[in-house]
Amino acid sequence: MAPQPQRHYAGPARWTHWLTAALMLAAFPLGVYMHDLPLSPYKLQLISYHKWIGVAVLLLFLPRLYLRLTRTPPAPLPAPDWQQRVAGLTHGLLYVLMLAVPMTGWLMSSAKGFPVVFLGIIPLPDLVAKNKELGEFFLAAHQSLNYTLLLLVGLHAAAALKHHFIDRDATLSRMLPVLDRAQ
Amino acid sequence: MQTSIRSTAAMLAAALALGSSGAQAATAPAVFDKVQVDKSRVGFVFKQMNVPVEGHFKRVKTDLVFDPAAPAKSSVRLELDLASIDAGSAEANGEVVGKAWLNVKDAPTATFVSTAVRPLGGNRFEVVGKLSLKGKTQELTTPFTVSQQGDTATFDGTFTLKRLEYAVGDGMWADTSVVANDVDIRFHAVAARSGGAKQ
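Residues numbered from 1 in each chain as written. Chains lettered and ligands numbered in written order. Predicted model: local features only at pLDDT ≥ 70, side-chain atom pairs only at ≥ 80, totals over all residues.

**Student:** How should the overall build of chain A be read in this particular structure?
**Tutor:** Assigned secondary structure in chain A consists of 4 helices and 2 strands. Counting from the amino terminus, chain A carries its helices and strands in the arrangement α-α-α-β-β-α. In terms of its C-alpha atoms, chain A occupies a principal-axis envelope of roughly 65 × 30 × 25 Å. Counting across all 183 residues of chain A, residues that qualify as buried make up 21%. (Helix = DSSP H or I, 4+ residues; strand = E, 2+ residues; numbered from the N terminus. Buried ≥ 20, exposed ≤ 12 C-beta atoms within 10 Å, placed from the backbone.)

Have a look at this one:
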C-alpha cells in the first residue's frame, strides 16, 4: 500500500492557527471599542486585556513560524497559478502582520509611557523611551496595520469559504479536519 | 528718610562686598536654605492594572532650612501646585484635576509643613509633618537622605502615600484593583548654603 499523502496540517500547526485567529478576532474589536471610551477603570481594564491578548499572539508567533519553516505543509490542492501566488503572498503578509501588529502595540505602549505587564504579573521591557511624537507614530502604525490585517484576514477567510462551499475541495478541512467530507 | 535710605544702601554694599569676598562663608552658620527650584522635583509612580505609570508636578514651591550641625532644627515647607500635575498622559491629566481625584478647583494647593526632623544615622534623616491635600490633613513621616557637594546639599526621599486616605480617586476610581491605593512619592530638592560662595 502506498503511503497516504498528508491530508491535514499537523495538530500543532492547526491549534496555533485557530488560537491566533481567535485571539485576533477578540483583540481587534476590543481595540476599536476601547479606544473611543472616556477614561474610566473599565477602560483601563480593557486596555490591559487587549495588551495581554496581543502578547499572547506574539508568544504564539514564534512556535508558529518554527512549525511553518520546519514542517512541510500539505501539498497545495490544484488551483490556477495566480490563485496559488495570491494565496502564498497572503500567507506571507499574514505572518508579517502577526508580528508587526502586536509589536507596534508594544512600541506604542512604551513610547506613551505605559509599560506592558503581561497578565498583570510579568513586566515586559520598554522597547523605546517615552516620547510623545513616537507614541503618536506607533498609534497610527498600529491602526493602519490593523486595517491591513483585517483586509487580509477577510480575503484569507473568504478564499477558504469559497474553496469549501463553491469548489467543494479540501482546502479548509486541511486546517479543520472536522469538516472532512465523506470520501 | 534720606539718611535711612543711604545707610541701607551702604549696608547692602557692605554685605555684597563681604559675600563676594568669601570671607563670610567661614563664619556664617552653614545652613542650607537657598532652594534651587529648577533642580527640585516631586514625582510619583502609581499603578494601574499593576502597570507602573510615572508622573510629576511641574510647579513646586519649597522652603527649607537644613542645618547639618543641628539637624533637629531643620524644617521644610512644600507647596504643590496641583494643577501643574503631569500624570503621564494628556488623557490622565484631564482626569486627575477633576473632582474625583485632586479637585484642583476647590483645593488648588497641597502643602506639607514639617514639625520635626530626626537624624537616623549617617546621611539619613526623617521628617515628620502635616500633609494637607484635598481638604484633608494627616500626619506624614518620610525618610530622606542628604548629600553635600561643597555649598549645595541634595535631598532625596521616597514614601508611599495611600491615596484613599485623602479621597484622591474616589467614586468609581476607589476600586484599588484597577488603580492601586499605594502611590510612591519621590522628592528631590537641591539647596545652597546661604551666605556661602556663589552657586
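**Student:** Sorry if this is basic, but what is going on with the overall build of chain B here?
**Tutor:** Helix and strand content of chain B: 3 helices and 11 strands. Along chain B, from the amino end to the carboxyl end, the secondary structure elements read α-α-β-β-β-β-β-β-α-β-β-β-β-β. Looking at chain B residue by residue over its 199 residues, the buried ones come to 25%. Across chain B, every contact between residues at least 6 apart in sequence was considered, and the portion connecting residues at least 24 apart equals 56%. (Contact = placed C-beta atoms within 7 Å.)

**Student:** How should I be thinking about the interface of chain B and chain A in this particular structure?
**Tutor:** Interface size, as often reported, equals the accessible area lost upon joining of the parts. Each partner contributes to the interface: chain B provides 16 residues, whereas chain A provides 12 residues. For the side of chain B that touches chain A, the secondary-structure elements that each account for two or more residues are strand E3 (51-57) and helix H3 (90-96) of chain B. For the side of chain B that touches chain A, the leading source of residues is E3 of chain B, giving 4 residues. Grouping the amino acids of the side of chain B that touches chain A by side-chain chemistry returns 8 nonpolar, 4 polar and 4 charged. (Nonpolar A, V, L, I, M, F, W, Y, C, P; charged D, E, K, R; others polar.)

**Student:** Teacher, can you tell me more about the packing of helix H3 (residues 81-111) of chain A against helix H4 (residues 132-165) of chain A here?
**Tutor:** Residues and elements named next belong to chain A. It is the contact of H3 with H4, at a shortest axis distance of 8 Å, that shows an interaxial angle of 155°. Accordingly, the angle class assigned to the pair H3 and H4 is roughly antiparallel. For the crossing formed where H3 meets H4, the hand is left-handed. The residue makeup of the contact of H3 with H4, split by class, is 18 nonpolar, 8 polar and no charged. (Axes fitted to C-alpha atoms, helices over the stretch in contact; angles between N-to-C directions. Parallel < 35°, antiparallel > 145°, perpendicular 65-115°, else oblique. Left-handed = near helix turned anticlockwise from the far one by under 90°.)

**Student:** Would you mind showing me how to read the environment of histidine 8 of chain A here?
**Tutor:** All names here are of chain A. Tracing the backbone shows histidine 8 in the segment before helix H1 (11-35). Residue histidine 8 is classed as partly exposed on the basis of its C-beta count, with 16 C-beta atoms lying within 10 Å. Each C-alpha atom of the pair histidine 8 and proline 76 lies 11 Å from the other, and the pair is 68 residues apart in sequence. Aside from chain neighbours lying at most four places away, what touches histidine 8 is Pro74, Arg174 and Pro177.

**Student:** What should I look at first to understand the environment of leucine 44 of chain A in this one?
**Tutor:** Among the secondary structure elements, leucine 44 of chain A is positioned in helix H2 (residues 41-70). Separated by 10 residues in the primary sequence, leucine 44 of chain A and methionine 34 of chain A place their C-alpha atoms 8.7 Å from one another. Setting aside chain neighbours within four positions, we find leucine 44 of chain A in contact with Gln48, Met49 and Val178 of chain B.

**Student:** Looking at this model, I keep getting lost on the nonpolar core. Mind explaining?
**Tutor:** Note that soluble globular proteins tend to have their nonpolar side chains buried in a common cluster. Grouped together as the largest cluster of nonpolar side chains are 34 residues, with contacts concentrated most on Phe66, Ala189 and Ala191 of chain B. Leaving out residues up to four positions away in the same chain, alanine 189 of chain B has contacts with Val35, Ser40, Thr62, Leu64 and Phe155 of chain B. (Core = buried A, V, L, I, M, F, W, Y, C linked by C-beta atoms within 7 Å.)

**Student:** Looking at this model, I keep getting lost on the pairing of strand E7 (residues 109-121) of chain B. Mind explaining?
**Tutor:** Consecutive side chains of a regular strand alternate in pointing toward one face of the sheet and then the other. All names here are of chain B. Pairing geometry for strand E5 (residues 75-81) and E7, over 5 bridges, is antiparallel. Looking across to E7, one finds that aspartate 81 is bridged to threonine 109. Examined bridge by bridge, E7 and strand E8 (residues 124-133) share 9 bridges and lie antiparallel to one another. Looking at the pairing, arginine 118 lines up with glutamate 126 of E8. Counted between consecutive antiparallel strands, the loop separating E7 from E8 contains 2 residues, among which glycine 122 sits at a positive phi close to 65°. (Pairing = 2+ DSSP bridges.)

Geometric descriptors of this kind do not, in isolation, establish any biological role.
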